[in-house]
Protein chains: 2
Amino acid sequence: MDLHVSVGGRGDRTARIYLTLRAAVLDGRLVAGDRVPSTRDLAVQLGVARGTVSVAYDRLVAEGFLESRPGAGTFVTTVPLTAPDGRERRARPGAVQPLDLWDRPPAPPQGRGRVLHDLGIGLPDPALFPLAQWRREVARQLRRSRLAEATYAGRGVWRLQAEIARLLGLTRSVAAAGEDVIVTAGAQQAVDLVARVLLEPGATVAVEDPGYAAVGRLLETHRADVRGIPVDAEGLVVDALPPDARLVYVTPSHQFPTGIPMSLRRRVALLSWAVEHDAVVVEDDYDSEFRFSDQPVEPLQSLDREGRVVYVGTFSKSLLPALRTGFLVAPRSLQPGLREAKRVTTWEGDATTQGALAEFLAEGHHAAHVRRAGRVYAERRGLMLAGLGELDDVLRVVPSVAGLHVCALFRDPQTDDRAVVARAAARGVRVEALSTHFREQPPRAGLVLGFGGVDAQAIPDALRRLVEVVRPGVRQETSTGSAGV
Amino acid sequence: MDLHVSVGGRGDRTARIYLTLRAAVLDGRLVAGDRVPSTRDLAVQLGVARGTVSVAYDRLVAEGFLESRPGAGTFVTTVPLTAPDGRERRARPGAVQPLDLWDRPPAPPQGRGRVLHDLGIGLPDPALFPLAQWRREVARQLRRSRLAEATYAGRGVWRLQAEIARLLGLTRSVAAAGEDVIVTAGAQQAVDLVARVLLEPGATVAVEDPGYAAVGRLLETHRADVRGIPVDAEGLVVDALPPDARLVYVTPSHQFPTGIPMSLRRRVALLSWAVEHDAVVVEDDYDSEFRFSDQPVEPLQSLDREGRVVYVGTFSKSLLPALRTGFLVAPRSLQPGLREAKRVTTWEGDATTQGALAEFLAEGHHAAHVRRAGRVYAERRGLMLAGLGELDDVLRVVPSVAGLHVCALFRDPQTDDRAVVARAAARGVRVEALSTHFREQPPRAGLVLGFGGVDAQAIPDALRRLVEVVRPGVRQETSTGSAGV
C-alpha cells in the first residue's frame, strides 16, 4: 500500500488521518480487502501518538470503512465502494427518468423585465395589504404556547376554519360550518385533493376552454382525460359536457379568463347535469371578493341541494398570494377522504399564518380590507374600461361583475393577439393574449387585462400605449379583413 | 299568485322585496313560468314607490330569478330551481362517494388526555425553540417589498434553497447546490412529489417494516403495491426487496421506529441493488441533526454515484413541526418533474416562513440551536437509557446514534406491548408500542420512547412508572415463557 498521510502543520491530526484514509477508500486508492498499517506502525511512520491513529481508525471502523479482524489486522471493508466527488457540490445527474406524464419542457420563463405597466392577471396589489394589522397578528401567534400547540393540527387551523365558514356564509351564502371547511395551501391544492379522492386513472374531466391552464395540467397529471368545454356568453356550455365526465371544473363568478359570470339558468343546468351524470362540480370562486355590480353572483354551492359541488376559494386575491392559503367546502360524503388526502400529503399548513389569518378575519380586518381595496380596484377598473372604450371599434369588452381583470375580444377574429401582446411588451406594457388560454376549442383573439397590480394614475398611460400597439396590429393583421378599422 | 310581501317597519324596502321574491322562488312558492305582478301593481299593493319595486326586480332579473318577456310581463325563470335551506349552515351530506382507496375509517384519536409524561415520538421540545430570534426574522420578512416579491416564487425560497444546500453539505456531506434543493411542506410532501413523478398505478414500492405508517399510507393512495421489508440489526434487509420495486423508502440514519442505523455494507448493497433494478431510493433523514455518537452516519445520498437517491429532510424535528417545512434533493434527471409536480399542486410554500428560515440559517441560529438543543437532548437520552438499564432483564435497548427517540425490545417476544402501553397510559405515561408500527412482517414486542418532549428532571419519574407497569406486564404475559423474569 502506498498511502501518503501528511500530518505536518497545525490542526486536528486525528481528523486528517481519518479524512485521508476515508478519501483513499472512496476514490479507490485503497480497495476492499486491503490491509491498512497497524495503529502502532502508522503512528511511528507519522511521528504521532498511537492514540491519535487509534481514534481515527475507530471512527473508520465505526463508520464501516475499515474492519478489524481479530488476530489478522485492520482491513478495508469488503464492500464495493465508489467515491462521491467531494468537489462536485451538485446533485448527481441521475439515471432515473420521471414518468412520461412529467416529461414536458418547462414553461418558458415569463419575461417580467422592463415592465412599465404590469397588466398581468391574478395579481392583487401588495401596496393595499394591511401590513400593520398583519404584523400584529403574526407577532401574536409567535408565542411559545401557540407554537407548541401547533405541533399537530393547531387551534389556529380550527379557528381559521370557523372564520372562513362565517365569511363564506355572510358574503357568499355558502352553506358551511367550520367543520366543513378544509384549509389548503392555495386553491390549487384544493383541486388536487379533490382529484386524488375522486379520479380513477383515465377518468374524464371537463374544464372550461378557455380556462385556467394550471388546473388542466394538474388534472392531466392525475392521468385524467381532460376535455376543454366551450364557454359562451352564459358561461360553460353545459350541453357540450361529455356524458362520462366525473368532475367538472368551473369558475362561475368570473370565468377565467373571460370574466363572464355564469347565468343562473346555466348554473341550474350544470347542477342538474351533475346529478344526472353522477358528477362532481368544482366551483373555483377565485376572485369574487371584489364585485363591481349590485348583481349578486350566487355560488353554485348555495344552489346545490344534492351535495354535488365542491366550493374552492383562496386568500391569494383578496389578500396576497404569498400567504399561500386557500380552502374548500365539500359535501360531507367527501370530507373524510379529503381530510385524509391532506393528512397524508402535507398535514397541516403553516401554523403561524393560519393562526394570524383566523384572528385577522375574526377582528374584521379582512372585511375592512376588502371594502377599502374594492374601492381602489373599482376606480382602476373604471379607468381601464374607459380606456378600452376608446378602442371600442377594435375591442369588445366582455361584461363581467367581479374580479381583478377584464377581457376584451378583438372584433376582427383574425387578429394575432400574441403579436399585439409582443408589441405591447416592447412598449413596456405587460398584458396577456386570450388565445393562449385555449386548450382545444378554436382560440379567439383578445386581451386579458389585470388591474390588480397597476396604480390608477398609471392606467391612462398604459392604455395609451396599448392603443398605439392595438391599432397598427389590427391594420397589419387584417388588411384583407372586413371588420376592425 | 299568493305572495305576501311585508314592507312595513324600517329598513331597505327594495332589499325586502328582493329577498321575499327570491325566497319564494327558491322554496318553490313561485315556480318556473309564474307571472309576477307588474312593478306598478306591486308598488300600489305595497304602498311604495314604483322605483323601489323596479330596483328589486332588476336585481332579480340580473341574477336570473326573473325574466322579462317584452309585451308579456315578468316571469319566474323557467329553470327548475330547488331551494337551499337558509337555516342549514352545514355543507350538504352529498351523494358522491370517494374512491374506495380513500374509504377507510379515520384513525382513532390519540388519547393525549391526562398525560403526565409524554414520551411520544417525533416531538421536539418547543421550549428549546429560539423564539426571540425567530420572531425577529419573521418581523424582518413582513415588509411590503418582501411580500410583494413573494407574490410568485420569492427571493425567500431561493435563499432558503441555497442555505439548505450549505447546511446539508456541511453537516451531512450531501452533494447539492441550492438549485438542487426543492423546498416542500414537510417531508411527507417530498415523498408525495416523488411518488407522483415516478409511480405508475400498481407499481411495487418497498418500505421498512416496522416503519413509518404515514408514508406507507401515502404510497398506497398513489395506487402502489406497498411491501413491508424486514429490518435487521444492520437496517433494511436488502436481499428481501422484491425485484420489481420501483421505489424503496428508507430511514438509514435512525430507522423509524427502531432507531437502528443502516450499516455501511447495507447502504452500499442497497445502492447497488437500486442500480441493478432501476429503482429509486428515498432516504428520509428525518431526525439525524441530533447525533449522540462520534460515529458519523453517512447519508446514502453522498455515497450514491449513480443518481439513484432522493434525499428528504425536514425542519420539523430540528426546529418545530409547526413550521411545516421540509425539502428534498433529487438527482438532476428528476428535478424538472418534481418542480412541476410541486408547481401544479401547491406552488410555493409560505413565503414569510421560508424567508425567515433562510435568514435564520444564514445567520447561524439554526446551527447554534442544534448544538444547544443537542446537549439538552443528549442529557435526556442519557437519563432515558440509564433508566432503561434498570429494565435490562426485560427490555433490550436497540443501539442507535441519532434522533429523538430510542427503542427497546422485550426480551420475551410474547410480551403484549400494547397492554404495557395501556398500563403506562393509566399511570400517566404516554409511550408507543413497537408492534403497532408493523405492516406485514411478524410484529415484535417493544417500546418506542421519545425524549424530545419531556424534561430531564421528569425522566426518572417517567421511567419509575414505566418500571412498575413493565414488570407486572412481563410477569402476567409470560407466565409460561422462558425469557424475562
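Everything discussed here concerns the structure shown above.
Residues numbered from 1 in each chain as written. Chains lettered and ligands numbered in written order. Predicted model: local features only at pLDDT ≥ 70, side-chain atom pairs only at ≥ 80, totals over all residues. Heavy atoms only, no water.

A. Region of the structure containing helix α2 (residues 39-46) of chain B. Residues and elements named next belong to chain B. Along α2, the residues classified as buried are T39, L42, A43 and L46. Along the axis of α2, the buried residues cluster in a sector spanning 105°; they form a single face. For α2, exposure combined with an orientation more than 90 degrees from the buried face picks out R40, V44 and Q45. Taken from the residues just after α2, G47 is the one with a positive phi, measuring 70°. (Buried < 20%, exposed > 50% of the residue type's maximum accessible area, 1.4 Å probe, protein only. Helix = DSSP H or I, 4+ residues; strand = E, 2+ residues; numbered from the N terminus. Arc of directions from axis to C-beta.)

B. Focus on the pattern of salt bridges. All told, the structure shown has 60 salt bridges over all chains when counted by the stated rule. In this structure, A:E234 and A:R265 form a salt bridge, with 3.4 Å as the shortest nitrogen-oxygen distance. Within this pair, whereas A:E234 is found in the loop between β7 (225-232) and β8 (235-236), its partner A:R265 is found in helix α9 (residues 264-276), the two being separated by 31 residues in sequence. A salt bridge links B:R246 to B:D278; its shortest N-O distance comes to 3.7 Å. Of this pair, B:R246 sits in strand β9 (residues 245-250) while B:D278 sits in the loop between α9 (264-276) and β10 (280-284), placing them 32 residues apart in sequence. Look at the salt bridges and you will find they share partners, linking A:R217, A:E220, A:R439, B:E340 and B:R343 into a network. (Salt bridge = Lys/Arg side-chain N within 4 Å of Asp/Glu carboxyl O.)

C. View of the packing of helix α4 (residues 131-141) of chain B against helix α12 (residues 351-362) of chain B. Residue and element names in this part refer to chain B. Two numbers describe how α4 lies on α12: the axes approach to 8 Å, and their chain directions differ by 125°. Judged by the angle between their axes, α4 and α12 are oblique. Every pair of crossing elements has a handedness; the one defined by α4 and α12 is right-handed. Within the contact between the two elements, α4 uses Q133, W134, E137, V138 and Q141 and α12 uses T352, T353, G355, A356, L357, E359 and F360. Per-class residue counts for the contact of α4 with α12 are five nonpolar, five polar and two charged. (Axes fitted to C-alpha atoms, helices over the stretch in contact; angles between N-to-C directions. Parallel < 35°, antiparallel > 145°, perpendicular 65-115°, else oblique. Left-handed = near helix turned anticlockwise from the far one by under 90°. Contact = heavy atoms within 4.5 Å. Nonpolar A, V, L, I, M, F, W, Y, C, P; charged D, E, K, R; others polar.)

D. Spotlight on the sheet that holds strand β16 (residues 432-433) of chain A. All names here are of chain A. The four strands lie next to each other as β13-β14-β17-β16, forming an open sheet whose pairing is antiparallel. Every other strand in the sheet has two partners, leaving β13 (395-397) and β16 as the edge strands with one partner each. Two elements, β16 and strand β17 (residues 446-450), share two bridges in a ladder whose sense is antiparallel. Note on β17: the bridge partner recorded for E432 is V448. The sheet contacts of helix α13 (residues 365-389) involve β13, β14 (405-410) and β17, and relative to β14 the element is tilted by about 10°. (Pairing = 2+ DSSP bridges.)

E. Summary view of the relation of the copies chain B and chain A. Between chain B and chain A, the superposition needs a rotation of 180° and an axial shift of 0.1 Å, giving an RMSD of 0.3 Å. The superposition operator between the copies reduces to a two-fold rotation axis. Proximity to the rotation axis, assessed at the C-alpha, singles out B:D350 in chain B; its C-alpha lies 3.3 Å from the axis. Both copies contact each other with a shared surface, as 99% of the interface residues of chain B are interface residues in chain A too. (Least-squares fit on C-alpha atoms with pLDDT ≥ 70 in both.)

F. Inspection of the interface of chain B and chain A at higher detail. On the chain A side, the residues contacting the 117 residues of chain B number 116 residues. Carbon and sulfur atoms supply 55% of the area that chain B and chain A bury against each other, a total of about 10100 Å² over both sides. Counting the contacts that link chain B with chain A gives 10 salt bridges. Notably, a salt bridge pairs B:D192 with A:R196, separated by 2.4 Å at the nearest N-O pair. Where chain B touches chain A, the interface holds 47 residue pairs in polar contact (both at pLDDT 80 or more). (Buried area = accessible area lost by both parts, 1.4 Å probe. Polar contact = N/O pair within 3.5 Å; in protein donor to acceptor, adjacent residues only side chain to side chain.)

G. Up close: the environment of A:L241. All names here are of chain A. Its place among the elements puts L241 in the loop between β8 and β9 (245-250). Judged by relative accessible area, L241 falls into the buried class, the value being 6%. A C-alpha to C-alpha distance of 9.0 Å links L241 and G228, two positions 13 residues apart in sequence. Apart from residues no more than four positions distant in its own chain, L241 is found in contact with A206, I229, L236, V248, L270 and W273.

H. Just the environment of B:E298, in detail. In this structure, B:E298 sits in the loop between β10 and α10 (300-303). With relative accessibility at 7%, the residue B:E298 sits in the buried group.

I. Region of the structure containing the side chain of A:T314. Residue and element names in this part refer to chain A. As for its position among the elements, T314 is in strand β11 (residues 309-314). At 2.9 Å, the side chain of T314 forms a polar contact with the backbone nitrogen of S316. A distance of 3.5 Å separates a polar side-chain atom of T314 from the backbone oxygen of T325. Look past the residues within four positions of T314 in its chain and what remains in contact with it is A187, Y286, E289, T325, G326 and F327.

J. Structural context of the sheet that holds β10(B). All names here are of chain B. Read from one edge of the open sheet, eight strands run β5-β12-β11-β10-β9-β6-β7-β8, paired in mixed fashion. Each edge of the open sheet is held by one strand with a lone partner, namely β5 (181-184) and β8 (235-236). Relative to strand β11 (residues 309-314), β10 runs parallel, the two being bridged by four bridges. Bridged to E283 within β11 is Y311.

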